[in-house]
Amino acid sequence: MRVSLITKFAVRTLRRKVRRTLLSVIGVGFGCAIAVFMIAFMRGSGEIRIRSIAESGFGHIRIAPAGWEESDEHELRLQNWSEDLEVVRSMKGIKVAAPHARSSALLAFGTRVTGTEMLGVDPSAEHEMNRLVRAVSEGRYLQPGDRDVTVIGSSIAKRLDVELDDDLLLTVAGEDGSVEYAMLRIVGIVNTGSREIDASICHVTLDDVEQLTGLDGPAEISITLHDYREIDRMVPRIQEAIPEGDVVLTWKEVVPSQGGDAASDRAFMNLMIGIVILVVVLGVTSAQLTAILERKREFAVLTALGMRSTQIMRLVFLEAAVVGVFGAAAGLLLVTPLVYHTATKGLDFAGMMGGEVAMSGVLFEPIIYSDMGFWMIPYALLLALASTVIAVLYPAWFAVKVNPTSALSLREA
Amino acid sequence: MENVLVDVRSVTKDFYTGKVVVHALRGLDLLVKSGDFLSIVGPSGSGKTTLLNLMGALDVATGGEVKVFGKELSKLSRRKRAELRLKLLGFVFQAYNLVPVLTARENVEFVLELQGIGSERRTRAEAILEELSLGELADRRPSEMSGGQQQRVAVARAVASRPRLVLADEPTANLDSKNAEALLQMMRDLRDEHSMTFVFSTHDPLVVSYASRVVTLRDGVVVSDESKN
């Protein structure tokens, strides 16, 4: 393949002022490295947020009764829960589908009382989905076939001053508004490290919830996927697959506060990336404009020879693109060790946050890992090329506008 | 009138320096005919370079008419003027102005590439360099050549696309007499062998001695126009 002379011209021009070209490449590289690291961190933290939400029992996706999103009523029940469950469990890409039923409850032991939200679960599915289950510090988690037993959080246990095998009096509102109660034996105590979470855990079996509330079946099916990036693709597929009557929601709709937080985090990070790119663009613009001013006579000659504006712009953009490609390579060289370190060792925010972090019932992992992958290469190239090409827009316009007579003067300057 | 390449009629050109107006050309008339080896002479400030700029479609006149190959330049767009320069005109500059990062052959090829000539441009560039006895310089960059060699390569670049008219501004100003003579001989051979027309602006008596026609400017007008046999 024959390389055009305009390309040779562009590449060789960059070798004329090696120091300036190197500084431009390093500048682009640094900016690119910072931006790629921020993106890697944002992607990693985004993934961890979604995983934390899913593994806190919310799932990536939820099948809920129609109208639940607006009313948030615990009494609503799925219309076709057994078909829904069967359908989703047979679908490809679904890791686990866990049915839940919730009810507000009062727990009492002796003279001590506390309010909580009772969660009815299918123990085997919950075990696969809910990472809180793995935080059982005393006793065990619920098992299939269990009846009249509960697993509670350590804060509830502390507040009620109870221990394993104690019997708690649980009171809930029945279907017709009557007060229903039951004695539940404590078989496990969960200690997640978060007081907020540990004060809200009261898990019982779905059968017990059905019996106490008189409402049949679960109120939701929380679903986790093998690949969280498939959420948007899976929602319509599940909606299409399940019988009419129930709705499919994403985690953003189930925990809107977390959706909002994720969006603001992303917006803030994008703003930071934008600022970094702007600084790079201004730096490259300045360097390129200086270079063009120094080559004013050269552009005047090219114009005199009949080089068209588009060809001059192509020359300037090619020079920028070469700086961009090398800048991207430099950026990747700089950022890869850093991303590798944070992707393997993570950044531990536990100390900064004073222990486990929980918000809106979600227990967050305190160590955030960056997302390292081949995606970094196209991102680095795109960022570097976009910033260098944007940076030379004005210098290119300036080069095109050089007056061949005033700049050239056809005489020795 | 078929052999008239450039027709300059009542041309004026004014430059503005702040509030001061400089009248570089004041109603100048000139015809350049095919085969001319024309020297434009005159003292500094007489309008030689300005006239060359106008004939080369690098600038537009304030008044009057400049027709090059029958085209009225003031009516052409910037793009059309660039096309005219690329396809029909050749330029030789006083300071050579070769592209410093390209070799002699690439400098010649570059103009051909701009014209959209594809695979044969290298062969054509080599042929013109050989024709002008510059073959041994083909792979040298301008920094590796003497002034005389650079100027000869600049001529090769100017004539690579076989333009009918070559405009040269003080082409011998930076050359010693030996190199200047070689350059002028080369250009005269090109005129004779390829029916090219050359127009020079110059102070150099040697250029004048080679010219077939000498036009003298003073204060922006032609004061004499002499043809030599």
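Residues numbered from 1 in each chain as written. Chains lettered and ligands numbered in written order. Predicted model: local features only at pLDDT ≥ 70, side-chain atom pairs only at ≥ 80, totals over all residues.

Q: Would you mind going over the overall build of chain B with me for this structure?
A: The helix and strand inventory of chain B stands at 7 helices and 10 strands. The globule rule puts the C-alpha radius of gyration for 229 residues at 17 Å, and the 17 Å found for chain B is close to it. Taking the principal axes of its C-alpha atoms as reference, chain B extends roughly 50 × 40 × 40 Å. In chain B, buried positions account for 49% of the 229 residues. Taking all contacts inside chain B whose residues are at least 6 apart in sequence as the whole, residues at least 24 apart take part in 69%. (Helix = DSSP H or I, 4+ residues; strand = E, 2+ residues; numbered from the N terminus. Rg over C-alpha atoms; globule rule 2.2 N^0.38 Å. Buried ≥ 20, exposed ≤ 12 C-beta atoms within 10 Å, placed from the backbone. Contact = placed C-beta atoms within 7 Å.)

Q: Please clarify how the sheet that holds strand 2 (residues 20-33) of chain B should be interpreted in this entry.
A: Residues and elements named next belong to chain B. In space, the 4 strands of this open sheet follow the order 2-1-4-5, with antiparallel pairing throughout. The sheet is open, and its two edges are formed by strand 2 and strand 5 (71-72), each paired on a single side. For strand 4 (residues 63-68) and strand 5, the ladder comprises 2 bridges, and the chain directions are antiparallel. The residue of strand 5 that forms the bridge with Val68 is Lys71. (Pairing = 2+ DSSP bridges.)

Q: Quick question: what am I supposed to make of the interface of chain A and chain B here?
A: Accessible area lost on assembly of the parts is the figure often given for the size of an interface. Every contact between the two is made by 19 residues of chain A and, on the other side, 26 residues of chain B. Residue assignment for the side of chain A that touches chain B shows that the elements contributing at least two residues are helix 1 (5-14), helix 12 (296-305) and helix 17 (404-408) of chain A. Looking at which element gives the most residues to the side of chain A that touches chain B, the answer is helix 1 of chain A, with 5 residues. When its residues are assigned to classes, the side of chain A that touches chain B shows 8 nonpolar, 5 polar and 6 charged. (Nonpolar A, V, L, I, M, F, W, Y, C, P; charged D, E, K, R; others polar.)

Q: Just to check I follow, could you spell out helix 4 (residues 81-90) of chain A for this structure?
A: Since there are 3.6 residues in each turn of an α-helix, residues three or four apart along the chain are aligned in direction. All names here are of chain A. Three or more residues of helix 4 are buried, namely Trp81, Asp84, Leu85 and Val88. Seen end-on, helix 4 carries its buried residues on one side only, within an arc spanning 95°. Pointing more than 90 degrees away from the buried face of helix 4 are the exposed residues Ser82, Glu86 and Ser90. (Arc of directions from axis to C-beta.)

Q: Would you explain the packing of helix 3 (residues 104-114) of chain B against helix 4 (residues 121-131) of chain B in this entry?
A: Packed helices, taken two at a time, are described by the angle their axes make and the gap between the axes. Residues and elements named next belong to chain B. Where helix 3 meets helix 4, the closest approach of the two axes is 9 Å, and the angle between their N-to-C directions is 125°. The pairing of helix 3 with helix 4 is recorded here as oblique in orientation. Considering how the two elements wind past one another, helix 3 and helix 4 form a crossing that is right-handed. Here Ala104, Arg105, Val108, Glu109, Leu112 and Glu113 of helix 3 come into contact with helix 4, specifically with Arg121, Arg122, Arg124, Ala125, Glu126, Ile128 and Leu129. For the contact of helix 3 with helix 4, the class distribution of residues is 6 nonpolar, no polar and 7 charged. (Axes fitted to C-alpha atoms, helices over the stretch in contact; angles between N-to-C directions. Parallel < 35°, antiparallel > 145°, perpendicular 65-115°, else oblique. Left-handed = near helix turned anticlockwise from the far one by under 90°.)

Q: Help me understand the domain arrangement of chain A in this model?
A: Residues and elements named next belong to chain A. Along its sequence, chain A is organised into domain 1 (5-53 + 259-408) and domain 2 (67-244). Taken over C-alpha atoms, the centre of domain 1 sits 48 Å from the centre of domain 2. Listed per partner, the contact involves 8 residues of domain 1 and 8 residues of domain 2. Top contributing element to the side of domain 1 that touches domain 2 by residue count: helix 2 (residues 18-58), with 3 residues. In terms of residue class, the side of domain 1 that touches domain 2 is built from 3 nonpolar, 2 polar and 3 charged. (Domains from an automatic or database assignment.)

Q: Any chance you could explain the packing of helix 2 of chain A against helix 11 (residues 256-294) of chain A here in plain terms?
A: All names here are of chain A. At their nearest, the axes of helix 2 and helix 11 sit 10 Å apart, and the two run at 175° to each other. Between helix 2 and helix 11, the angle falls in the class roughly antiparallel. Tallied by class, the residues present in the contact of helix 2 with helix 11 amount to 18 nonpolar, 6 polar and 3 charged.

Q: Teacher, can you tell me more about the environment of B:Gly35 here?
A: Residues and elements named next belong to chain B. Structurally, the position occupied by Gly35 is in the loop between strand 2 and strand 3 (37-41). For the pair Gly35 and Leu5, spaced 30 residues apart in the sequence, the C-alpha separation amounts to 9.5 Å. Those residues in contact with Gly35 that lie beyond four places of it in its chain are Arg191, Ser195 and Thr197.

Q: Could you clarify how one ought to interpret the pairing of strand 6 (residues 89-92) of chain B in this entry?
A: The side chains of a regular strand alternate, first on one face of the sheet and then on the other. Residue and element names in this part refer to chain B. Residues Leu89 and Phe91 of strand 6 are buried on one face, and the alternating residues Gly90 and Val92, pointing to the opposite face, are buried as well. With 4 bridges joining them, strand 6 and strand 7 (residues 165-169) adopt parallel strand pairing. Bridging across to strand 7, Gly90 finds its partner in Val166.

Q: What should I look at first to understand the environment of B:Arg164 in this one?
A: All names here are of chain B. Among the structural elements, Arg164 can be located in the loop between helix 5 (147-159) and strand 7. You can call Arg164 partly exposed: it has 17 C-beta atoms within 10 Å. Separated by 102 residues in sequence, Arg164 and Thr62 place their C-alpha atoms 26 Å apart. Excluding its chain neighbours within four sequence positions, the residues that come into contact with Arg164 are Leu5, Leu88, Met196 and Thr197.

Q: Honestly, the sheet that holds strand 8 (residues 197-201) of chain B in this entry has me stumped. Any pointers?
A: Two strands in a sheet stick together by hydrogen bonds in their backbones, pointing the same way (parallel) or opposite ways (antiparallel). Residue and element names in this part refer to chain B. Strand order in the open sheet formed by 6 strands is 6-7-8-3-9-10, with mixed pairing between adjacent strands. The open sheet has two edge strands with one neighbour each: strand 6 and strand 10 (221-227). Neighbouring strand axes in the sheet, compared pairwise and without regard to direction, differ in orientation by 15° on average. Pairing geometry for strand 3 and strand 9 (residues 213-218), over 4 bridges, is parallel. Opposite Ile40, over in strand 9, you have Val215 as the bridge partner.

Q: Just to check I follow, could you spell out helix 12 of chain A for this structure?
A: Residues and elements named next belong to chain A. Burial analysis of helix 12 places 8 of its 10 residues in the buried class, the great majority of the element. Within the span of helix 12, buried status applies to Glu298, Phe299, Ala300, Val301, Leu302, Thr303, Ala304 and Leu305. Once helix 12 ends, the next one or two residues include Gly306, with phi positive near 105°.

Q: Can you help me understand the nonpolar core in this one?
A: Generally speaking, nonpolar side chains in soluble globular proteins are found buried as a group. Judged by nonpolar contacts, the single largest core of 128 residues is most densely connected at A:Val36 and B:Ala156. Apart from the residues within four sequence positions on either side, B:Ala156 is in contact with B:Val108, B:Ile128, B:Leu129, B:Leu132 and B:Leu134. One finds A:Ile63, A:Ile238, A:Ile242 and A:Val362 within the second-largest nonpolar core, a separate group that totals 64 residues. (Core = buried A, V, L, I, M, F, W, Y, C linked by C-beta atoms within 7 Å.)

Q: I would appreciate a short explanation of unusual backbone geometry in the present structure.
A: Backbone geometry follows two general trends: most residues other than glycine have a negative phi, and most peptide bonds adopt the trans configuration. All names here are of chain B. At Asn97, a position not held by glycine, the phi torsion is positive, near 55°. Of note, Asn97 is situated in the loop between strand 6 and helix 3. On the basis of neighbour count, Asn97 is assigned to the buried category, with 24 C-beta atoms found within 10 Å. Positive phi values are uncommon outside glycine, yet Arg162 reaches one of about 55°. Relative to the assigned elements, Arg162 resides in the loop between helix 5 and strand 7.

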